[in-house]
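An overview of the molecular structure
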Amino acid sequence: MNLSSKLPRVGTTIFTVMSQLANEVGAVNLSQGFPDFDCDPVLKDLVTKYMGEAKNQYSPMPGLPALREAIATKIKKTRGALVHPDDITVTAGGTQALYCAISSVVRAGDEVILIEPAYDSYKPVVELHGGNVRTYELSAPDFQVDWNSFSRLITHKTRLIIINNPHNPLGKTLSRDDLEALNKLVSGTDIMILSDEVYEHIVFDGKEHHSVLSHPELKERSFAVFSFGKTFHITGWKMGYCVAPEPMTREFRKVHQFNVFAVNTPAQFALAEYLKTESNYLGLPEFFQAKRDYLQEGLQGTRLKPISSEGSYFQLYDYSAIADEADTEFAKRMTREYGVAAIPVSVFYSSGKDEKVIRLCFAKKEETLGKAIKLLKEM
Ligand SMILES: Cc1ncc(COP(=O)(O)O)c(C=O)c1O
């Protein structure tokens, strides 16, 4: 059969490649973007409780009302924004929310602007729907958006702009001024925003997370995507949600209902209850900042130069003082020769731009980070 692929450029990801290599050589794996520690036992007990209470059948398509109400309450407390539970859809992780948002609005020939380096799940979905990706490339060492030059990418075909805040892989955050600059660019147009905020609660050094939901004008044209996986150390549960104004939510759900229809019922009951205790998510900045700092302090004195991480699970390191080989080669050699796996940042650029930077994930036990530090000190 002559199967002509709809996504000819999608192959095995670097994440699989690096993890396989790490397994093969027994390296400490700081390439994977998920915790190697367990979630709160209280959360596990809640799921077990609800399964025992026979909450095991389909949920309503948009998500359980109790969970959507708990999310709306949390948004009001943390972002000061009023969101109606009807504008919230519970999804199978942030990934499914991203998929539904993109596919519900992008048509063949539409342009979608991405800021690169970019998380890998945006571009293929745009292309699957016949959209054209236009990229704005950020550069080392500060990786800041210059909204003036960004504005040159906007055309009459621009349908959607995707932002990610806090950012994977950069660990950078967008300021209130960034959101204001973006708002000025889209004001008076029909351009929509997809704001990937799965790391919303992982922001460091006393900084505030600036959600599109806290920006009254951007909120009216945005899909905002969140992940319980990142917030509660349950990435394997694949639970998240999307917040969008009514007309956008209506379109989003047209895709969602034929994509999964509804997501895991006992997990939704458990999360609705667990969300009521604010301390279950408000302590995350300190928790992850301690890990970021532990790794950074441990690597002081090595030739790996940290690039400031303001949020997310990730810390970038510039390795140019050690080698001038391509970052993919360096990451593989570091895994084989020094026993620590990382992700080369060039894979997050469509152009393969190589800034001689690798991404380390610090969402790991202190013991894991300690092992990695010891090994990297030999480099
Ligand atoms: C920026 C970003 N968005 C979305 C996701 C996916 O979230 P989920 O695991 O809830 O599908 C991830 C996961 O790594 C991510 O880093």
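Our structure is the block above this text.
Residues numbered from 1 in each chain as written. Predicted model: local features only at pLDDT ≥ 70, side-chain atom pairs only at ≥ 80, totals over all residues.

What to know about the sheet that holds strand E8 (residues 240-243)
Strand order in the open sheet formed by 7 strands is E2-E8-E7-E6-E5-E3-E4, and the pairing between neighbours is mixed. Of all strands in the sheet, those bounded by a partner on one side alone are strand E2 (88-91) and strand E4 (132-137). Mean inter-strand twist for the sheet, computed between neighbouring axes without regard to direction, equals 20 degrees. Running at roughly 115 degrees to E2, helix H3 (residues 65-79) makes contact with E2 and E8 of the sheet. Packing against the sheet, helix H4 (residues 93-105) makes contact with E2, strand E5 (158-164), strand E6 (192-196), strand E7 (222-227) and E8, and its axis sits at approximately 165 degrees to E7. (Pairing = 2+ DSSP bridges. Helix = DSSP H or I, 4+ residues; strand = E, 2+ residues; numbered from the N terminus. Axes fitted to C-alpha atoms, helices over the stretch in contact; angles between N-to-C directions. Contact = placed C-beta atoms within 7 Å.)

Considerations on the pairing of E5
Where burial is concerned, most of E5 is hidden: 6 out of the 7 residues are buried. Here strand E3 (residues 111-116) runs beside E5; their pairing, made up of 4 bridges, is parallel. Across the sheet, Val112 pairs through a bridge with Leu160, a residue of E5. Assessed by its sense of winding, the connection that carries the chain from E5 through helix H7 (residues 176-186) to E6 is right-handed. (Buried ≥ 20, exposed ≤ 12 C-beta atoms within 10 Å, placed from the backbone. Right-handed = clockwise from strand over helix to strand, strands pointing away.)

Notes on the packing of H3 against helix H11 (residues 265-274)
Axis separation between H3 and H11 bottoms out at 8 Å; the angle between their running directions is 35 degrees. H3 and H11 meet at a crossing whose hand is left-handed. Taking contact as the criterion, the partners of Ala66, Leu67 and Ala70 in H3 are, on H11, Gln268, Leu271 and Ala272. (Left-handed = near helix turned anticlockwise from the far one by under 90°.)

Some remarks on the sheet that holds strand E12 (residues 343-344)
Pairing between sheet strands relies on hydrogen bonds along the backbone, with the strands arranged either parallel or antiparallel. One open sheet accounts for 4 strands, arranged E9-E10-E13-E12; its pairing is antiparallel. The outermost strands of the open sheet, each flanked by one partner alone, are strand E9 (305-307) and E12. Here E9 runs beside strand E10 (residues 314-318); their pairing, made up of 3 bridges, is antiparallel. Bridge pairing links Pro306 to Tyr317 in E10.

Regarding the packing of helix H13 (residues 284-298) against helix H15 (residues 366-376)
Across the interface, H13 lies against H15 with an axial gap of 9 Å and an inter-helix angle of 20 degrees. Here H13 lies roughly parallel to H15, going by the angle between them. Every pair of crossing elements has a handedness; the one defined by H13 and H15 is right-handed. Where H13 abuts H15, its residues Lys291, Tyr294, Leu295 and Gly298 lie against Glu366, Leu369 and Ile373. (Parallel < 35°, antiparallel > 145°, perpendicular 65-115°, else oblique.)

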